[in-house]
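A structural walkthrough
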Amino acid sequence: LWLISAGVAIASRQRVVDILREDLRFQATTSGVLVALAPVGGICVQASPFLLPLLAMPLLAVHRSATLAIKHEQESLHDPLSGLANRLLFRERAERALAESTRNGSMVAVMIIDLDHFKEINDTLGHQVGDEMLIEVARRLEASLPSHATVARLGGDEFAVVIADLDSSEAALAMANEMLTALSATFL
């Protein structure tokens, strides 16, 4: 479970603890229902083994609804185009980073990125090309930052970054320069 959570956390740039907490909540919910229904299953088997499939249907329904709830939560916190955190998740992570920095005395950087003249790309090359460019911007921003940073698409051509656990403002400036370098390369 830890290994899977670590892999998902690295891929989604989230903390392992957060991923593990979500997975344990899902497992506890579905396992709790199974444990609660175990005596009913025993009674069904004693009465007639043919009743057992009738018990399986509600169990499958519970599992499916829990899976859908997790999927909807994921969709509600991420931008559908880029897969980045959305405004709501960005705010949660920024607030958490600020609270942690207050406790441990580290610094937090919050940066807003707005793409100049993006409307011209949509107007001249079309929205499909504009969407592809936004996806590439998202990829470049994520690649230029450490794994503990949160990159979000706030909407349209506006992105935001929160980086926690910084030692100095120079470290934040260096990361901002990394992002500028990544975004300055030619987009094909």
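From a predicted model like this one, the values you see are computed outputs, not experimental measurements. (Residues numbered from 1 in each chain as written. Predicted model: local features only at pLDDT ≥ 70, side-chain atom pairs only at ≥ 80, totals over all residues. Heavy atoms only, no water.)

Strand order in this open sheet of three strands is E1-E3-E2, and the pairing throughout is antiparallel. Strands at the two margins of the open sheet, each flanked by one partner only, are strand E1 (107–114) and strand E2 (150–155). For this sheet, the mean angle separating the axes of adjacent strands, direction not counted, is 20°. Relative to strand E3 (residues 158–166), E2 runs antiparallel, the two sharing five bridges. The residue of E3 that forms the bridge with Val151 is Val161. Along the sheet, helix H6 (residues 127–144) contacts E1, E2 and E3; its crossing angle with E3, the most-contacted strand, is approximately 10°. Contacts from helix H7 (residues 169–184) reach E1 and E3, with the element oriented near 25° to E1. (Pairing = 2+ DSSP bridges. Helix = DSSP H or I, 4+ residues; strand = E, 2+ residues; numbered from the N terminus. Axes fitted to C-alpha atoms, helices over the stretch in contact; angles between N-to-C directions. Contact = heavy atoms within 4.5 Å.)

With that settled, the discussion passes to unusual backbone geometry. We note that His117 has phi near 65°; this positive angle belongs to a residue other than glycine. With respect to the helices and strands, His117 occurs in the loop between E1 and helix H5 (118–125). Take His117: its relative accessible area is 57%, and that puts it in the exposed class. With phi around 60°, Asp165 is a residue other than glycine that occupies positive phi space. Asp165 gets classed as partly exposed once you look at its relative accessible area, which sits at 43%. (Buried < 20%, exposed > 50% of the residue type's maximum accessible area, 1.4 Å probe, protein only.)

This part takes up the packing of aromatic side chains. Taken as a whole, this structure holds zero aromatic pairs when the rule is applied. Geometry around Phe187 places Arg140 over its ring, the cationic atom sitting 3.7 Å from the centre. (Phe/Tyr/Trp six-rings, centres within 6.5 Å; stacked < 30°, edge-to-face > 60°. Lys NZ or Arg CZ within 6 Å of the ring centre and 35° of its normal.)

A complete count under the given rule lists five salt bridges for this structure. Note that Lys119 and Asp123 form a salt bridge whose closest N and O atoms lie 2.7 Å from each other. Of this pair, Lys119 and Asp123 both sit in helix H5, four residues apart, which is roughly one turn of that helix. Note on Lys119: relative accessible area 59%, which makes it exposed. The exposure class of Asp123 is exposed, given its relative accessible area of 53%. Measuring nitrogen to oxygen at the nearest pair gives 2.9 Å for the salt bridge that ties Glu136 to Arg140. In this pair, Glu136 and Arg140 are both assigned in helix H6, four residues apart and thus about one turn of the helix distant. (Salt bridge = Lys/Arg side-chain N within 4 Å of Asp/Glu carboxyl O.)

Our focus in this paragraph is helix H2 (residues 16–47). For H2, spanning 32 residues, the distance from its first C-alpha to its last is 46 Å, which sits close to the expected 46 Å at 1.5 Å a residue. At Ala38, H2 shows its largest kink, close to 40°, and the proline Pro39 lies no more than four residues downstream. Within H2 the residues assigned to the buried category are Asp18, Ile19, Leu20, Phe26, Thr30, Gly41 and Cys44. (Expected span 1.5 Å × (residues − 1). Bend = angle between axes of the 7 residues up to and from the residue.)

This brings us to the environment of Ala97. With respect to the element layout, Ala97 can be found in helix H4 (residues 87–104). Classification of Ala97 as buried rests on a relative accessible area of 8%. In this structure the C-alpha to C-alpha distance between Ala97 and Met175, which are 78 residues apart in sequence, comes to 17 Å. Discounting chain neighbours no more than four positions away, the residues touching Ala97 are Val108, Val162 and Ala164.

To continue, consider the pairing of E2. Along E2, five of the six residues are buried, which leaves the element largely enclosed by surrounding structure. Adjacent in sequence and paired antiparallel, E2 and E3 are bridged by two residues, among which Gly156 carries a positive phi angle near 55°.

Honestly, that's just the spatial picture; any functional story needs more than this.
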